[in-house]
Amino acid sequence: MMQKLFPKTRLTENVTNDTVCIIHPNKSAYSETFIRAHVEKLPATVKVIHYGSWSFPIYQQEDRPILPSDLGSRLMRVANRRVLQRSPQDFQTKALRNFLLDNRVDVVLAEYGFTGVCIMDACLQANVPFVVHFHGLDAYNQSLLDQYKASYKQMFAVTNAVIAVSHDMEQQLLSLGTPPEKLFYNPYGVDTSLFSMSDPAASAPVFVSVGRFVDKKAPHLTLLAFKQVVQKYSEARLVMLGDGILWEACQQLARGLCITEFVDFLGACPHSQVAATMARARAFVQHSMRTTYGDSEGTPVAVLEAGATGLPVIATRHAGIPDVVIEGETGLLVDEGDVEGMAECMMRLADDPVLAARLGKAARDKIGKEFAMDKSISNLWRILERVITANKS
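Residues numbered from 1 in each chain as written. Predicted model: local features only at pLDDT ≥ 70, side-chain atom pairs only at ≥ 80, totals over all residues. Heavy atoms only, no water.

### Notes on unusual backbone geometry
For step 1, the next point in the chain: For Ala218, which is not glycine, the phi torsion reads 45 degrees and is therefore positive.
For step 2, the next point in the chain: With respect to the helices, strands and loops of the structure, Ala218 is situated in the loop between strand 9 (206–210) and helix 8 (219–232).
For step 3, the next point in the chain: Its relative accessible area of 0% is what places Ala218 among the buried residues.
For step 4, the next point in the chain: Of note in this structure, Cys258 is not a glycine but carries a positive phi near 60 degrees.
For step 5, the next point in the chain: You can see Cys258 is positioned in the loop between helix 9 (247–256) and strand 11 (263–267). (Helix = DSSP H or I, 4+ residues; strand = E, 2+ residues; numbered from the N terminus. Buried < 20%, exposed > 50% of the residue type's maximum accessible area, 1.4 Å probe, protein only.)

In structure tokens:
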């Protein structure tokens, strides 16, 4: 039996009588804490559906298929023989429409733009409003934009609201055709109670990086910068948490740079270990970049979590990072690809623990005021509630 991804308990008090259906593409993804927060914390009855393929989605609620997978497989085989007059997606749309009606869903929250494309017909047929929440690659990845450009425009015309997680993404979605009156800015939030206040001034010069080893996070450039740090500070250390397609390549690069003894590759770790590692560090580092194929961050959750811990952040002027990191106040920023600049920032904080502590305290204050989980969820709920109310009037 398929493992259930999310618990059924509501973590937010005063649950309303409204029903929200959250639809997302991945059954499990350790890095998608923002979706987990939406499911667990929205003050409503939440139905969770995921689907396994963009081209032929098998919608499922927890461990129960809406359209049985064996039927879906038969439909695909028949469709491949070009016997059906209706496509397999027509059957999926009908199944989802019936699910929305049977469960009296008040609003659908589509996680990622391409999810909105998949579910818009079912929502229209069921007369259920839907909100599309963009996160990053769905707004920037060029191959996805080439594939969904026309569909996005259709979706923007009929969706009830579109959510961006950074100001940079706001501008990107406007350029793709989102009507300004439908576009809302709502960055991710973090639960500051889960992060102990660190003491960068008392910590060794340990730099921590958290995230998937993928192109847009450029972990290899972080390693190149750190190479220069250990040449001056032999006590410095880099701890990298996460995994991904570049994980092995980065380990090879560390060996090639002769810094293996100074770098810890911990792989994907539980959230408690991430928090504990951050609490013992001098600073957080992340060299995010826009890739040659257009992929980009939204607002990296790990940057928010580092600030919540009281760590200064050394990062790039990329996507939503400047929304969170105020240069010279809560952290230090460099241009994308500026390895020398990142190395200089790391050495600056290695040499000045008092500065690290000052930046870290300001970072925690800013996260608590502007990027707290409760604020993010409350803003999201206000958007959904506005859509529900408008649909009922």
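### Here's the deal with the confidence of the model for the protein
For step 1, the next point in the chain: Looking at the protein, the pLDDT average stands at 89 and 86% of residues meet or exceed 70.
For step 2, the next point in the chain: Across residues 1–12, confidence stays below pLDDT 50; counting only partners more than four residues off in sequence or on other chains, it has 34 contacts. (pLDDT = per-residue confidence, 0-100. Contact = heavy atoms within 4.5 Å.)

### As for the packing of aromatic side chains
For step 1, the next point in the chain: Under the defined criterion, the tally for this structure stands at eight aromatic pairs.
For step 2, the next point in the chain: Where Phe34 meets Tyr188, the ring centres are 4.7 Å apart and the plane angle is 10 degrees; that geometry is what we call stacked. On the criterion of sequence distance, the pair formed by Phe34 in helix 1 (residues 33–41) and Tyr188 in the loop between strand 8 (183–185) and strand 9 is long-range, its members being 154 residues apart. Neither residue differs from the other here; Phe34 and Tyr188 are each classed as buried.
For step 3, the next point in the chain: With centroids separated by 5.9 Å and ring planes inclined at 20 degrees, the aromatic side chains of Tyr148 and Tyr152 adopt a geometry described as stacked. (Phe/Tyr/Trp six-rings, centres within 6.5 Å; stacked < 30°, edge-to-face > 60°.)

### With respect to the nonpolar core
For step 1, the next point in the chain: Counting residues in each nonpolar core, the largest one holds 91 residues, and the members touching the most others are Leu100, Val108, Phe134, Tyr152 and Phe284.
For step 2, the next point in the chain: Formed by 37 residues, the second largest nonpolar core is a distinct cluster that contains Ala218, Cys250, Phe262 and Val334. (Core = buried A, V, L, I, M, F, W, Y, C linked by side-chain atoms within 4.5 Å.)

### Structural notes on helix 7 (residues 167–175)
For step 1, the next point in the chain: Taken residue by residue, helix 7 has Met169, Glu170, Gln172 and Leu173 as its buried positions. Down the axis of helix 7, the buried set is contained in an arc of 165 degrees. They therefore lie on one face. For helix 7, the exposed residues set more than 90 degrees away from the buried face come down to Gln171 and Ser175.
For step 2, the next point in the chain: For helix 7, the elements touching its buried residues are helix 5 (137–140), helix 6 (142–158), strand 7 (161–164) and strand 8.
For step 3, the next point in the chain: Two residues or fewer past helix 7, Gly177 is found with a positive phi of approximately 115 degrees. (Arc of directions from axis to C-beta.)

### Let's talk about the pairing of strand 12 (residues 283–286)
For step 1, the next point in the chain: Neither face of strand 12 is exposed, since Ala283 and Val285 on one face and Phe284 and Gln286 on the opposite face are all buried.
For step 2, the next point in the chain: Relative to strand 12, strand 9 is paired through two bridges, and the arrangement is parallel. Bridged to Val208 within strand 12 is Phe284.
For step 3, the next point in the chain: Examined bridge by bridge, strand 12 and strand 13 (residues 313–316) share three bridges and lie parallel to one another. Each bridged residue has a counterpart across the sheet, and for Gln286 the counterpart in strand 13 is Ala315. (Pairing = 2+ DSSP bridges.)

### Some remarks on the pattern of salt bridges
Side chains that carry opposite charge are capable of pairing whenever their charged atoms lie near each other.
For step 1, the next point in the chain: Scanning all chains against the criterion turns up ten salt bridges.
For step 2, the next point in the chain: The salt bridge involving Asp106 is made with Lys392; its shortest N-O contact spans 3.6 Å. Residue Asp106 is located in the loop between helix 3 (88–102) and strand 5 (107–111), and its partner Lys392 is located in helix 15 (residues 373–392); the two are separated by 286 residues in the primary sequence.
For step 3, the next point in the chain: Overall, the relative accessible area of 17% leaves Asp106 in the buried class.
For step 4, the next point in the chain: On the basis of relative accessibility, which here comes to 55%, the residue Lys392 falls in the exposed class.
For step 5, the next point in the chain: Linking Arg317 and Glu327 is a salt bridge whose minimum nitrogen-to-oxygen distance equals 2.7 Å. Highlighted residues: Arg317 in the loop between strand 13 and helix 12 (321–324) and Glu327 in the loop between helix 12 and strand 14 (331–334), separated in sequence by ten residues. (Salt bridge = Lys/Arg side-chain N within 4 Å of Asp/Glu carboxyl O.)

### So, helix 13 (residues 339–351)
For step 1, the next point in the chain: Over its 13 residues, helix 13 runs 18 Å from end to end, which matches the ideal 18 Å to within 8%, given 1.5 Å per residue.
For step 2, the next point in the chain: Residues Val339, Gly341, Met342, Ala343, Cys345, Met346, Met347, Leu349 and Ala350 constitute the buried set of helix 13.
For step 3, the next point in the chain: At its buried positions, helix 13 is contacted by strand 9, helix 8, strand 12, strand 13, strand 14 and helix 14 (353–370). (Expected span 1.5 Å × (residues − 1).)

### Some remarks on the packing of helix 10 (residues 271–279) against helix 11 (residues 301–309)
For step 1, the next point in the chain: In contact at an axis separation of 9 Å, helix 10 and helix 11 are set at 55 degrees when each is read in the N-to-C sense. As the angle between them shows, helix 10 and helix 11 are arranged oblique. Note on packing geometry: the crossing formed by helix 10 with helix 11 is right-handed. Contacts between helix 10 and helix 11 pair His271, Val274, Met278 and Ala279 from the former with Ala302, Glu305, Ala306 and Thr309 from the latter. (Axes fitted to C-alpha atoms, helices over the stretch in contact; angles between N-to-C directions. Parallel < 35°, antiparallel > 145°, perpendicular 65-115°, else oblique. Left-handed = near helix turned anticlockwise from the far one by under 90°.)

### A few points about the pairing of strand 7
For step 1, the next point in the chain: The two faces of strand 7 match: Ala161 and Ile163 on one face and Val162 and Ala164 on the other face are all buried.
For step 2, the next point in the chain: Of the strand pairs in this sheet, strand 6 (residues 130–133) and strand 7 are connected by three bridges, and their pairing is parallel. Within the sheet, the bridge partner assigned to Val131 lies in strand 7 and is Ala161.
For step 3, the next point in the chain: Traced from strand 7 through helix 7 to strand 8, the parallel crossover comes out right-handed. (Right-handed = clockwise from strand over helix to strand, strands pointing away.)

### Topic: the sheet that holds strand 13
For step 1, the next point in the chain: Strand order across the open sheet formed by six strands is 11-10-9-12-13-14, with parallel pairing between neighbours. Looking along the sheet, the strands with just one partner apiece sit at the ends: strand 11 and strand 14. Sheet twist, expressed as the mean angle between neighbouring strand axes with direction ignored, is 20 degrees.
For step 2, the next point in the chain: Summarising the sheet, strand 13 and strand 14 pair through four bridges and their orientation is parallel. Considered in strand 14, the bridge of Ala315 is made with Leu333.
For step 3, the next point in the chain: Those strands touched by helix 13 are strand 9, strand 12, strand 13 and strand 14, and its axis lies near 160 degrees from that of strand 14.

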